[in-house]
Amino acid sequence: SLRLCLRERAFFKSQLRGLLRASVHGQMRLMFPMVSGIQELREAKAIVEECKLELKREGHAFAENIPMGIMIEMPSAVMVADHLAAECDFLSIGTNDLIQYSLALDRLNEHVGYLYQPLHPAVLRMIQHTVAAGHAAGKRVSICGKMASDPLFTLVLLGLGLDALSMNAAALPMVKRVIRKSNFADAKQMAEHVLTLPTTEDIEAVVRAHAERYLGDLDQYNTTT
C-alpha cells in the first residue's frame, strides 16, 4: 500500500527509480494504491520528483511527463475524490477493497462473505460520486475488480459513466457482448433508476432484468452476487 511505501521511503524510491528508468522504453503510467487522502498523494508525488532529480544528476534518462493516478479503494478517498482528482491524472476504482471497507466485512471470511454486495446502494452511490468528481476535473475514471468483470454489472457501470472497465481476459467476451448489444442512453436511464432504490435486492432485480435482455439466463454465468 502507499502507506507502507511512504514509511519505507528507501524501498519506495528504489521502485520509482526503476520505473522511471524503464519509462524510456515505452509508454508508462504510475498508479498509487490505497490512497486515503490528498496528503498521501502529495507526498508520493514529491518523492517521484526527488527521484527525477537524482536520476538527472546521475545522467540517467527517463520520460519527463508520466501520468500519475490513484486507486480509489477507501471510503475516505471517495469523500475527497474532488481534491484527489484535481492533483492526479486519472482515477481507478478498486471495487474489491472499496466494497469490503465500505460494508465492514472480510470477503474471504465464510461467516460474513455473504455481506459482500456489489449492488449495495451505498456502493453504487460511491461509484457515482467518484465518477462525477473525476469528470468534473476532466479526468478519466476506470474501474477494476470482480465487479468490472461480471457481465451482470456491465450496464449499470456504463450508465454510471465509467470510462473503462479493467478485467481478466476470460471475462472479455461476455462483457463485450453486453456492450455491443446495448446503448448508453438505456444504460444511463437504468443507472439513474437504480440509484433511487433503497435495497440491494430491489437494485439486483432491475439490473438482472436488463442484463438478461442481452445475455439470456444469467444462472449460466458465474456472477458475484
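Presented here is a report on the structure given in the accompanying data block. (Residues numbered from 1 in each chain as written. Predicted model: local features only at pLDDT ≥ 70, side-chain atom pairs only at ≥ 80, totals over all residues. Heavy atoms only, no water.)

### Describing the overall build of the protein chain
Helices and strands together make up the secondary structure of the protein chain, namely 12 helices and 5 strands. Radius of gyration (C-alpha) of the protein chain: 19 Å, near the 17 Å computed for a compact globule of 225 residues. For the protein chain, buried positions account for 47% of its 225 residues. Contacts in the protein chain between residues far apart in sequence, at least 24 positions, make up 65% of those at least 6 positions apart. Here the protein chain displays about 11400 Å² of accessible surface, and carbon together with sulfur accounts for 52% of that area. Once the 24 positive and 25 negative side-chain charges of the protein chain are each reduced to a mean point, those two points are 7 Å apart. (Helix = DSSP H or I, 4+ residues; strand = E, 2+ residues; numbered from the N terminus. Rg over C-alpha atoms; globule rule 2.2 N^0.38 Å. Buried < 20%, exposed > 50% of the residue type's maximum accessible area, 1.4 Å probe, protein only. Contact = heavy atoms within 4.5 Å. Areas by Shrake-Rupley, 256 points an atom, 1.4 Å probe, with all protein chains shown as cover. Lys, Arg positive; Asp, Glu negative; His and termini not counted. Charge placed at Lys NZ, Arg CZ, Asp CG, Glu CD.)

### A short note on helix H2 (residues 9-22)
Its 14 residues give H2 an end-to-end C-alpha distance of 20 Å, which sits within 8% of 20 Å, the value for a rise of 1.5 Å per residue. Buried within H2 are the following residues: Phe12, Lys13, Leu16 and Leu20. On an axial view of H2, the arc spanned by its buried residues comes to 95°, and they lie on one face. Taken together, the buried residues of H2 touch helix H1 (2-7), strand S1 (30-32) and helix H3 (38-58). (Expected span 1.5 Å × (residues − 1). Arc of directions from axis to C-beta.)

### Describing the packing of H2 against H3
Two elements in contact, H2 and H3, have axes whose closest approach is 9 Å; the angle formed by their N-to-C orientations is 60°. Considered as vectors, H2 and H3 are oriented oblique to each other. As H2 packs across H3, the resulting crossing turns out to be right-handed. Note on element contacts: H3 touches H2 through Glu43, Ala44, Ile47, Val48, Glu50, Cys51, Lys52, Glu54, Leu55 and Glu58, opposite Arg9, Phe12, Lys13, Leu16, Arg17, Leu20 and Arg21. Its residues assigned to classes, the contact of H2 with H3 comprises 8 nonpolar, no polar and 9 charged. (Axes fitted to C-alpha atoms, helices over the stretch in contact; angles between N-to-C directions. Parallel < 35°, antiparallel > 145°, perpendicular 65-115°, else oblique. Left-handed = near helix turned anticlockwise from the far one by under 90°. Nonpolar A, V, L, I, M, F, W, Y, C, P; charged D, E, K, R; others polar.)

### Some details on the sheet that holds strand S3 (residues 90-94)
Strand order across the open sheet formed by 5 strands is S1-S2-S3-S4-S5, with parallel pairing between neighbours. Looking at the sheet topology across the chains shown, the edges are occupied by S1 and strand S5 (164-165). Pairing analysis gives 2 bridges linking strand S4 (residues 140-144) to S5, with the strands arranged parallel. Bridge assignment links serine 142 to a residue of S5, and that residue is alanine 164. (Pairing = 2+ DSSP bridges.)

### Side note on the pairing of strand S2 (residues 68-72)
For S2, a buried count of 5 out of 5 residues is recorded, marking the element as mostly surrounded by other parts of the structure. Residue alternation in S2 divides its side chains into two sets, Met68, Ile70 and Ile72 and Gly69 and Met71, and both sets are buried. Relative to S2, S1 runs parallel, the two being bridged by 3 bridges. Looking at S2, one finds that leucine 30 is bridged to methionine 68.

### Points about the nonpolar core
Grouped together as the largest cluster of nonpolar side chains are 63 residues, with contacts concentrated most on Phe12, Phe32, Ile93, Ile127, Val156, Leu162 and Val194. Dropping the residues within four chain positions of it, leucine 162 is found in contact with Ile93, Ile127, Val131, Val141, Ser142, Ile143 and Leu157. (Core = buried A, V, L, I, M, F, W, Y, C linked by side-chain atoms within 4.5 Å.)

### Quick look at unusual backbone geometry
The residue methionine 34 is not glycine, and still its phi comes out positive at about 55°. Here methionine 34 falls in the buried class, since its relative accessible area comes to 14%. Even without glycine at this site, alanine 104 takes up a positive phi of about 55°.

### Quick look at the pattern of salt bridges
One pass over the structure, following the stated rule, counts 11 salt bridges. A salt bridge links glutamate 40 to arginine 3, with the nearest nitrogen and oxygen atoms 3.4 Å apart. Of this pair, glutamate 40 sits in helix H3 while arginine 3 sits in helix H1, and the two are 37 residues apart along the sequence. Through salt bridges with shared partners, a single ionic network connects Arg9, Lys13, Arg17, Glu50, Glu54 and Glu58. (Salt bridge = Lys/Arg side-chain N within 4 Å of Asp/Glu carboxyl O.)

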